[in-house]
Amino acid sequence: MRLRVPGERADGGMMTRIFSHTRPIAADVVDAFCTLQKGFTDQFVYYDKQRACRYLGLGRCIALPTLDDAESELEGPVAQPPIFFSFNRFDAENPAPTDELFEAFPRLKFMLPEIVLIENERGTLLQVNSLGPVYAGRIERFERQALAAPPRQRTSIPYRLEVDSREAWRDAVGAGLAAIDEGRVDKVVLSRRQKLVAEHPFSSKDLLVNLIDGPARGTVLLYRYADVFFCGCTPELLVRKQGTQLESMCLAGTCPAGGSSEEGERLAAELMADAKNRAEHDYVVQFIREVFRRTCYDVEVPAEPGILPLTHVQHLCTPARARVLEGVDLWEMKGDLHPTPAVAGTPVGEAKMLIRGIETYNRGFFAGACGYVDGDGDGEFSVALRTGVFDGEIGWVYAGCGIVAGSVADDEYDEISAKLRTILSAFDGEGDAR
C-alpha cells in the first residue's frame, strides 16, 4: 500500500495548486476594473445589479476541465476561495458551425483570472491568483491602481442594425407550429439575430459601463477573449448554490412593460390571466420541479407565478428553492437544468433538434449557462439572454421567444424586438439608470 502525498489525486495524478490572496479594498469595483482592464485581454464579469453578487475578473491564471483536480491555498486577511468563471454554449454538441466571432472563443470549462474584483457578503475585495505564492508587489500595485481609478464615464456608440426578414421569421414559426401540430413538441423557443454595425470602434468596457449604469435590469455578463467579446444583461437565474441551499427561477411568458405604472399593472394582470402564456410558463415550472425532486429535498415551488418587471418587458416568474443532496455539485445541477423549456422548449431534447433544423445559425453562448463557481463549490449560473457578440466594430445581437399552439408570428417578432432593446441599450450612454 502506498501513502498518497499532499497534492496527489486518488488516481496518482497531481493536483493543481492555486495560491489565492484576498484583501479588503476601499474602491469601486467597476471603476477599478475599467482602469486595470487595459493590461489584460481575457476579461470576465458576472455582475448582479440587484444584489452584492459581483465578480469582475482580469487575465487568465489557468483553465481547468474540472475543479476536482484543484486545491487552494488561501492567503491574505480574507478567506475568500478563488473565483472561477464558466461560459457555456446553448447547444455545445450542435454540429453546425458558429459564426466567426463565436468560433474565436476557446472551449474551456473553468477559467481562473489573475485578478478578481469582488462585491459579496464578505465585502469589497481584491483577489490575486497565482500558481505560486502571490508576489506581494503585484498585490500592492493592483491595489494602488484600483484605489486611484477615476470615475467611469458612459459613451454612446451610434450604430445601424441590418433588418432581418419578417417572412423568414414567419416561415420559422410556421415550422415550429407544424411540429407542435404533429405532436413532436409542445413548445419550441425560436430566436432572431440581427447584425449590428457601429459608426466608430467601441470597446468591451464601453458596453459594460452602459449596461451596469444604464436602465437594463438583471445580471450583466461579459466574456472577452482577445479581440472578441460576448456581453449582455439577463433577467434569468438558472441555479444558485450556497452550501446545501439551491435556488432557481422559472421564467416564461411575456408582455410589454407599458408606458406608465398604470398601463404596466394592467398588462401584467392580462398576462397573469392569459391561458397561452400560463401554459408556456407551466412547462418550465414542471421541468424545474422534476429536476429538483430527483436530486434535492425540501423542494419549494409555488403553485402560482408572480410578475418580474423589467425595463422593456414583464415576465411570469416562479422562484424555486430546495436543499441539494450530499454529493451533488453545482456543475451537475447546471447540467441537469440547462437548457430549460424557457430557452429550448419541451420536450427539451426534441426541441433542441427542432431548433437545429429551423434556425440558420448556431446560437453559441446566447441562451447558454454562464456564471462562476468558487473553490468551495458555491456560485451561480444565469441563462445568457438579451446578449450579443462583438469585435469592436460589428456584432450580432440575439433574443428569442416561446412558440406554442396559438402563437402568432408577427406578435412574437415584435416581442423579440422589445427584448433586443436591452442589449441595444449597451450602446446608449445617455439613458437614465433604473
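Residues numbered from 1 in each chain as written. Predicted model: local features only at pLDDT ≥ 70, side-chain atom pairs only at ≥ 80, totals over all residues. Heavy atoms only, no water.

- Going by an unreviewed UniProt entry, the protein carries the name isochorismate synthase and comes from Gordonibacter faecis.
- Here the protein is described in UniProt, under the heading Catalytic activity (unreviewed entry), as follows: "chorismate = isochorismate".
- Looking at the Sequence similarities (unreviewed entry) heading of the UniProt record, one finds this comment for the protein: "Belongs to the isochorismate synthase family." (UniProt positions renumbered as here; feature names shortened; annotations may be inferred.)

**Observations concerning the overall build of the protein**
- Within the protein, the regular secondary structure consists of 10 helices and 23 strands.
- Relative to its length of 434 residues, the protein is compact, with a C-alpha radius of gyration of 22 Å against a globular reference of 22 Å.
- Overall, the C-alpha framework of the protein stretches about 60 × 60 × 40 Å when taken along its three principal axes.
- Of all intrachain contacts in the protein linking residues separated by at least 6 positions in sequence, the fraction that spans at least 24 positions is 77%.
- When the accessible surface of the protein is totalled, it reaches about 17800 Å², and 49% of it is carbon and sulfur. (Helix = DSSP H or I, 4+ residues; strand = E, 2+ residues; numbered from the N terminus. Rg over C-alpha atoms; globule rule 2.2 N^0.38 Å. Contact = heavy atoms within 4.5 Å. Areas by Shrake-Rupley, 256 points an atom, 1.4 Å probe, with all protein chains shown as cover.)

**Some details on the pattern of salt bridges**
- Inspection of every chain in the model, using the stated rule, returns 32 salt bridges.
- Between R356 and D91 there is a salt bridge, with its nearest N and O atoms 2.8 Å apart. Here R356, found in helix α9 (residues 348-358), pairs with D91, found in the loop between β6 (83-87) and α2 (100-103); they are 265 residues apart in sequence, far enough to count as distant.
- The exposure class assigned to R356 is partly exposed, which follows from its relative accessible area of 28%.
- For D91, a relative accessible area of 5% puts it in the buried group.
- The salt bridge involving R166 is made with D410; its shortest N-O contact spans 3.4 Å. One end of the pair, R166, is in helix α4 (residues 166-181); the other, D410, is in helix α10 (residues 409-424), and 244 residues separate them in sequence.
- What makes D410 partly exposed here is its relative accessible area of 27%.
- Salt bridges linked by common partners bring D48, R51, R240, E247 and E380 together as one network. (Salt bridge = Lys/Arg side-chain N within 4 Å of Asp/Glu carboxyl O. Buried < 20%, exposed > 50% of the residue type's maximum accessible area, 1.4 Å probe, protein only.)

**What about the environment of V197?**
- Position of V197 among the secondary structure elements: in strand β11 (residues 187-198).
- V197 has contacts with Y159, R160, E162, E393 and I394, leaving out every residue within four places of it along the chain.

**Quick notes on the packing of helix α1 (residues 29-36) against helix α3 (residues 136-147)**
- Packing of α1 against α3 leaves a shortest axis separation of 8 Å and a crossing angle of 115°. As far as their axial angle goes, α3 and α1 are roughly perpendicular. α3 is crossed by α1, and the crossing has right-handed handedness. Contact residues: α1 offers A32, T35 and L36, while α3 offers F142, Q145 and A146.
- Its residues assigned to classes, the contact of α1 with α3 comprises four nonpolar, two polar and no charged. (Axes fitted to C-alpha atoms, helices over the stretch in contact; angles between N-to-C directions. Parallel < 35°, antiparallel > 145°, perpendicular 65-115°, else oblique. Left-handed = near helix turned anticlockwise from the far one by under 90°. Nonpolar A, V, L, I, M, F, W, Y, C, P; charged D, E, K, R; others polar.)

**Focus: the side chain of T311**
- Inspection of the secondary structure assignment puts T311 in the loop between β17 (306-309) and β18 (313-324).
- Looking at T311, the relative accessible area reads 13%, which means it is buried.

**Focus on the layout of surface pockets**
- Its volume calculated, the largest pocket comes out at about 410 Å³.
- Lining the largest pocket are 24 residues, and of these D48, Q50, P235, M249 and L308 lie nearest its centre.
- For the lining of the largest pocket, the secondary-structure elements that each account for two or more residues are β2 (43-48), β14 (237-242), β15 (245-256), β17, β18 and β21 (379-383).
- By residue number, the principal contributor to the lining of the largest pocket is β18, which donates four residues. (1 Å grid on protein atoms, 1.4 Å probe; cavity = no way out; pocket = protein on both sides within 12 Å on 5 of 7 lines; lining within 4 Å. Points joined across faces, edges and corners; volume = space filled by probe spheres on them.)

**With respect to unusual backbone geometry**
- Note that the residue after H338, namely P339, is joined by a cis bond; omega there is -5°.
- Within the secondary structure, P339 is located in the loop between α8 (330-337) and β19 (345-346).
- The omega torsion of the bond from T346 to P347 falls at -5°, within 30 degrees of zero and hence cis.
- Positioned with a positive phi, A226 is a non-glycine residue whose angle comes to about 60°.
- For A226, the position within the fold is in the loop between β12 (219-225) and β13 (228-234).
- For A367, which is not a glycine, the phi torsion comes out positive at approximately 70°.
- Counting through the fold element by element, A367 comes out in the loop between α9 and β20 (369-374).

**Quick look at the UniProt feature "domain: Chorismate-utilising enzyme C-terminal" (unreviewed entry) in the protein**
- Taking the UniProt record as the reference, the feature "domain: Chorismate-utilising enzyme C-terminal" (unreviewed entry) is found at residues 166-419.
- With 35% helix and 36% strand, residues 166-419 has its two end C-alpha atoms placed 16 Å apart.

**Re the packing of α4 against α10**
- In the contact formed by α4 and α10, the axes pass within 9 Å of each other and the chain directions differ by 115°. With respect to α10, the axis of α4 lies roughly perpendicular. Seen along the crossing, α4 lies across α10 with a hand that is right-handed. For the pair α4 and α10, contact is made by R166, W169, R170 and V173 and by A409, D410, E412, Y413, D414 and I416, respectively.

**A few points about helix α6 (residues 261-273)**
- Along its 13 residues, α6 runs 19 Å from first to last C-alpha, staying within 8% of the 18 Å computed at 1.5 Å per residue.
- All of the buried residues in α6 are G264, L267, A268 and L271. The buried residues of α6 all sit within an arc of 105° when viewed along its axis, so they share a single face. Across α6 from its buried face, at more than 90 degrees, point the exposed residues E262, E265 and A273.
- Packing partners of the buried residues in α6 comprise β15, α7 (275-295), β17 and β18. (Expected span 1.5 Å × (residues − 1). Arc of directions from axis to C-beta.)

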